[in-house]
Amino acid sequence: MRRNKISLKDNSIKKIMILGTEPGVGATHFSILLASYYVFILGKKVCIVDLSETDDYQCMDRIYHGDNPFDTSDYIYPIKKIDFLISSGNPDRQKLIRTALAHSHDIIIFDNGTKSDAVEKDMIMCDRKYMIGNCSLWKVLGFEKQISRLTNIHAYQYLYTFGQIENTEAMRRKYGIKIRQIPYTDSPFRIEKKQLSEIEKIIWEE
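Here is a short report on the structure shown in this document. Only a predicted model underlies this, so the values are computations on that prediction, with no experimental measurement involved.

The next point concerns the pairing of strand β1 (residues 14-20). Across the seven residues of β1, seven count as buried, placing the element largely inside the fold. On β1, burial covers both faces: Lys14, Ile16, Ile18 and Gly20 on one face and Lys15, Met17 and Leu19 on the other are all buried. Here five bridges tie β1 to strand β5 (residues 107-111), and the two strands are oriented parallel to one another. Each residue of the ladder has a partner; that of Ile18, found in β5, is Asp111. With five bridges connecting them, β1 and strand β6 (residues 128-135) associate as parallel partners. Following the sheet pairing, Met17 is matched in β6 by Lys129.

Right, let's get into the packing of aromatic side chains. Per the counting criterion, the structure on display carries six aromatic pairs. A ring pair is formed by Tyr77 and Phe84, whose centres lie 5.7 Å apart and whose planes are at 20 degrees; its orientation type is stacked. Of the two residues, Tyr77 and Phe84, neither departs from the other in class, the shared state being buried. Here a set of aromatic residues connected by ring pairs shows up, and it is made of Tyr57, Tyr77, Phe84 and Phe189.

A word on a nonpolar patch on the surface. Together, Phe40, Ile41 and Leu42 make up a nonpolar patch on the protein surface, roughly 230 Å² of accessible area in all. Here Ile41 shows up in helix α1 (residues 27-41).

Counted by the stated rule, this structure contains five salt bridges. Close ionic contact of Glu22 with Lys139 constitutes a salt bridge, the shortest N to O distance being 3.1 Å. Placement of the pair is Glu22 in the loop between β1 and α1 and Lys139 in the loop between β6 and α5 (140-148), with a sequence separation of 117 residues. Two residues, Lys201 and Glu198, come together in a salt bridge whose shortest N-O distance is 3.2 Å. Here Glu198 and Lys201 lie together in helix α7 (residues 193-204), a separation of three residues that amounts to about one turn. For Lys201, a relative accessible area of 41% gives the class partly exposed.

Turning to the environment of Ser148, a few remarks are in order. With respect to the secondary-structure elements, Ser148 resides in helix α5. Residue Ser148 is classed as partly exposed on the basis of its relative accessible area, which comes to 47%. C-alpha separation for the pair Ser148 and Tyr175, spaced 27 residues apart in sequence, amounts to 8.8 Å. Within polar-contact distance, the side chain of Ser148 engages the backbone oxygen of Lys145 at 2.7 Å.

The next point concerns the packing of α1 against α7. Direction vectors running N to C along α1 and α7 enclose 100 degrees, while the axes themselves pass 11 Å from each other. Considering the angle they form, α1 stands roughly perpendicular to α7. Along the contact surface, α1 presents Phe30, Leu33, Leu34, Tyr37, Tyr38 and Ile41, while α7 presents Leu196, Ile199, Glu200, Ile202, Ile203 and Trp204. Residues belonging to the contact of α1 with α7 are distributed by class as follows: eleven nonpolar, no polar and one charged.

Considered for burial, the residues of helix α2 (residues 56-65) that qualify are Tyr57, Gln58, Met60 and Asp61. In an axial view of α2, the angular spread of the buried residues amounts to 160 degrees, which keeps them on one side of the axis. Those residues of α2 that are buried lie in contact with α1, β2 (46-50), β3 (76-79), β4 (82-85) and β5. Directly after α2, the chain includes Gly66, whose backbone phi takes a positive value near 70 degrees.

Moving on, we get to the nonpolar core. One finds Ile18, Phe30, Leu34, Phe84, Ile109 and Tyr130 to be the most contacted residues of the largest nonpolar core, which totals 32 residues. Looking at this core element by element, the count peaks at nine residues for α1. Those residues within four positions of Leu34 in sequence are excluded, and the remaining contacts are Ile16, Ile18, Ile109, Tyr130 and Ile203. Counting 15 residues, the second-largest nonpolar core is a separate cluster that includes Met131, Cys135, Met171 and Ile179.

Reading the values: the criteria
Residues numbered from 1 in each chain as written. Predicted model: local features only at pLDDT ≥ 70, side-chain atom pairs only at ≥ 80, totals over all residues. Heavy atoms only, no water. Buried < 20%, exposed > 50% of the residue type's maximum accessible area, 1.4 Å probe, protein only. Helix = DSSP H or I, 4+ residues; strand = E, 2+ residues; numbered from the N terminus. Pairing = 2+ DSSP bridges. Phe/Tyr/Trp six-rings, centres within 6.5 Å; stacked < 30°, edge-to-face > 60°. Patch = residues over 30% accessible without salt bridge, like charges linked within 9 Å, V, L, I, M, F, W, Y side chains within 5 Å. Areas by Shrake-Rupley, 256 points an atom, 1.4 Å probe, with all protein chains shown as cover. Salt bridge = Lys/Arg side-chain N within 4 Å of Asp/Glu carboxyl O. Polar contact = N/O pair within 3.5 Å; in protein donor to acceptor, adjacent residues only side chain to side chain. Axes fitted to C-alpha atoms, helices over the stretch in contact; angles between N-to-C directions. Parallel < 35°, antiparallel > 145°, perpendicular 65-115°, else oblique. Contact = heavy atoms within 4.5 Å. Nonpolar A, V, L, I, M, F, W, Y, C, P; charged D, E, K, R; others polar. Arc of directions from axis to C-beta. Core = buried A, V, L, I, M, F, W, Y, C linked by side-chain atoms within 4.5 Å.

Shown next, in the form of structure tokens:
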């Protein structure tokens with residue numbers, strides 16, 4: 001089954017959902033990396049919406065804006081030309097989604113953390129969905145567990161940060177899916193030439 005390929009030719013807001021299989025697999029890193037591609041390579045206006053119930057984005061806000069961070073309830077703040085709409089620990093998903101859609105962005109990326117049940121309810125509005133996991137021997141079963149819980153396995157594109165290629169091949173045979181590795185970057189705000197082609201394979205894959 002072919003996933004919808006995002007078209008940037010019309011003026012509608014494109015919506016992307018990011019889901020991690022467990023904490024620490026790189027969902028936030030990939031959300032920023034994806035935003036960086038659209039902002040710095042394609043010149044689009046992008047907002048990342050924090051639906052993750054972690055404090056990762058609040059920490060980044062404090063680092064960049066010091067002791068006077070922005071109001072985190074419904075305020076969109078910029079870092080390196082990417083806009084961020086962050087929650088305060090227990091996000092009101094629908095309020096954050098409505099706030100994001102009310103602003104003039106070309107692309108909205110929803111960093112959902114690991115809340116797969118919530119994603120299933122909201123995914124119908126999104127043009128593309130990514131699930132990110134870890135294919136290491138001690139993590140791959142958790143990846144498979146999340147995949148098996150989905151109502152539509154083929155609605156997602158699957159990515160991993162670390163792991164063995166034989167594990168990705170086993171999952172491909174078992175579930176009929178392709179799993180790509182996210183290229184390593186020192187900073188998700190910076191895309192170098194050696195990572196660009198791999199990132200574009202992920203973004204433009206059908």
